[in-house]
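# A closer look at the structure
The primary structure of each chain is shown beneath.
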Amino acid sequence: GRGHGQLSRLRSSSLEIKEKEIREKGSEILREQLDAAKKELKLKDKECERLSQVRNQLEQELEELTASLFEEAHKMVREANVKQAAAEKQLKEAQGKIDVLQAEVTALKTLVLTSTPSSPNRQLHPQLQSSGTRGAYKHVGGHVRNKSASGGFPTSSGKPEPSPVSGNHLSQKDKENKSIDSVLFAEFLMWKEHPSLDRSSAFLSRIYSEEIGPCLSFTRSELSQLVQSAVESNSLTIEPVAMSALPMVKASAIECGGPNGFRAAVETKCALSGMSRLCRHRIKLGDKGSYYYISPSSRARITAVCNFFTYIRYIQQGLVRHDAEQMFWEVMRLRREMTVAKLGFYLTDQG
C-alpha cells in the first residue's frame, strides 16, 4: 500500500512539472505573437499616416488647380470685354470717318454739278481765282477742295456759301483758334485722376446741370427721368421701327427705302415730347421694358447724351490712349453735340 502511494505521488509531481513547462511554453508563444502583432500595428500606423499625407497633398493641389482655373477664366472674360470695347470704339470711329468722307463726296459732287461754261465754278478752275484766294485751296486726288469738309465754299462774289456737309466736325480754322478754359480743364483733370460716373464731382456736376439735364428734359418729365436713369446704367435700347412693330392705330405709315431694305416710319405721338411726329425709332428701358416711339429730334438728344457717357466710360476703363488735352477737347465736342441737339438741330438719315 505504501509503495502504491509513493508511486501516485511521483506521478502527480511529474504531471505538475509538465503542466508548468507547458504553461511557460504557452506564455512564451503568446508573448511572441503579441510582439509580432504590435510590430504589425506599428507598420499599419505608419502606412495610414503616409496615406493621410498623400490625401492632404492631393486635396491642396486640387484646390490650387481650381483657383487657377477660375482666375484664368476671369482673366479671359476681362480680356474679351476689353477687346469688345476696343472693337466698338474702332467701329464708331470708322463710322464717323465714313460720314465725313460721304459728306466730302457730296460737297465735291455739288461743285462739279454747279460748274457750267457760262458760270464756271472758281474752285474747279484755279486759274480764274485771284492770287489771294488760291492759297486757301489745295489739290487732292485731282479735285480742288477746301482744307475742311465743314467749311463754306466761297462763291464768285467772295462770300461763303453754306456747305451741304455736316457741321458736326470743327473746321481747320476752328481747330486752330481753340482756347482751353482753365477752370473747365482743371475740373476735368481732377476728375481724370479718379474717373467715375458719380455726379458729385465738379466736372460731371457742371455737365449734368448745363448739358445732360436740359438735353434729357422733355415734356413727359416722368418718362424723361426713366430715360436718364437708363442712359446712366447703360440699359437703354434704340432701334429702328420694323413693319411688324407698327401700332395698329395711328396709321399714316410711310415706307422709306434704306440700305437694308424697307424701313418703316409711322406718324404718331412722340412718347417724350407728346407731339405728333414721324417716328422712325423706338426706345426700350432695360431688357423687359415697354417700347416707346420717339421723334428724330428726341432720338438725336438721347444719342448725344449716350455718346458722351460712352466716351467717359471708355476713359474710366482705361481704353482711351490720348493725352489729357485731346480727351478734354473730345469731351468739349460731345458737350457741344448735346447743346446743339437740345436746340433742335439734328441730322436726317439719307440712306
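This text follows the structure it describes.
Remember, predicted model here, so these are calculated numbers, not experimental data.

## Remarks on the overall build of the protein chain
Along the protein chain, the regular secondary structure elements total eight helices and ten strands. Surface summary for the protein chain: the accessible area is close to 24,200 Å², and the carbon and sulfur share equals 54%.

## What to know about a nonpolar patch on the surface
Together, Val340, Leu343 and Phe345 make up an exposed nonpolar region whose accessible area comes to about 320 Å². Residue position: Val340 is located in helix α8 (residues 324-342).

## Overview of unusual backbone geometry
Positioned with a positive phi, Asn234 is a non-glycine residue whose angle comes to about 60 degrees. Structurally, the position occupied by Asn234 is in the loop between α6 (221-232) and β5 (236-240).

## So, the pattern of salt bridges
Throughout the structure, instances matching the rule amount to nine salt bridges. Between Arg199 and Glu232 there is a salt bridge, and its shortest N-O distance comes to 2.7 Å. One end of the pair, Arg199, is in the loop between α4 (182-193) and α5 (202-215); the other, Glu232, is in helix α6, and 33 residues separate them in sequence. According to the relative accessible area criterion, Glu232 is partly exposed, its value standing at 24%. Notably, a salt bridge pairs Arg335 with Glu211, separated by 2.8 Å at the nearest N-O pair. In this pair, Arg335 is assigned in helix α8 and Glu211 in helix α5, connecting sequence segments 124 residues apart.

## A closer look at a positive patch on the surface
Taken together, Lys38, Lys39, Lys42 and Lys46 make up a surface patch of like positive charges. Structurally, Lys42 is set in helix α1 (residues 2-113). We classify Lys42 as exposed; its relative accessible area is 59%.

## Considerations on the side chain of Arg282
With respect to the helices and strands, Arg282 occurs in strand β9 (residues 281-285). You can call Arg282 buried: its relative accessible area is 12%. Within the local environment of Arg282, its side chain forms a polar contact with the side chain of Glu239, the two groups lying 2.7 Å apart.

## Details of the nonpolar core
Residues Ile212, Val227, Ile302 and Phe308 are the most contacted members of the largest nonpolar core, which totals 42 residues. The set of elements that each furnish at least two residues to this core consists of α4, α5, α6, β9, α7 (296-316) and α8. Top contributing element to this core by residue count: α7, with nine residues. Residues in contact with Val227, not counting those within four places in the same chain, are Leu236, Leu272, Ile283, Leu285 and Ile302.

## Notes on the packing of α5 against α8
As a packed pair, α5 and α8 sit with axes 8 Å apart at the nearest point and diverge in direction by 30 degrees. As summarised for this structure, α5 and α8 are arranged roughly parallel, according to the angle between their axes. Taken together, the residues of α8 that come into contact with α5 (itself represented by Phe203, Arg206, Ile207, Glu210, Glu211, Ile212, Pro214 and Cys215) are Val331, Arg335, Met338, Thr339 and Lys342. Looking at the contact of α5 with α8 residue by residue, the class counts come to seven nonpolar, one polar and five charged.

## Describing the sheet that holds strand β10 (residues 291-294)
With antiparallel pairing, the three strands of this open sheet are ordered in space as β5-β9-β10. Lying at the two open borders of the sheet, with one neighbouring strand each, are β5 and β10. Strand after strand, the sheet turns through a mean of 30 degrees between neighbouring axes, direction not considered. Both β9 and β10 contribute to a ladder of four bridges, which runs antiparallel. Note that in β10 the partner of Lys284 across the bridge is Tyr291.

Cut-offs used in this document
Residues numbered from 1 in each chain as written. Predicted model: local features only at pLDDT ≥ 70, side-chain atom pairs only at ≥ 80, totals over all residues. Heavy atoms only, no water. Helix = DSSP H or I, 4+ residues; strand = E, 2+ residues; numbered from the N terminus. Areas by Shrake-Rupley, 256 points an atom, 1.4 Å probe, with all protein chains shown as cover. Patch = residues over 30% accessible without salt bridge, like charges linked within 9 Å, V, L, I, M, F, W, Y side chains within 5 Å. Salt bridge = Lys/Arg side-chain N within 4 Å of Asp/Glu carboxyl O. Buried < 20%, exposed > 50% of the residue type's maximum accessible area, 1.4 Å probe, protein only. Lys, Arg positive; Asp, Glu negative; His and termini not counted. Charge placed at Lys NZ, Arg CZ, Asp CG, Glu CD. Polar contact = N/O pair within 3.5 Å; in protein donor to acceptor, adjacent residues only side chain to side chain. Core = buried A, V, L, I, M, F, W, Y, C linked by side-chain atoms within 4.5 Å. Contact = heavy atoms within 4.5 Å. Axes fitted to C-alpha atoms, helices over the stretch in contact; angles between N-to-C directions. Parallel < 35°, antiparallel > 145°, perpendicular 65-115°, else oblique. Nonpolar A, V, L, I, M, F, W, Y, C, P; charged D, E, K, R; others polar. Pairing = 2+ DSSP bridges.

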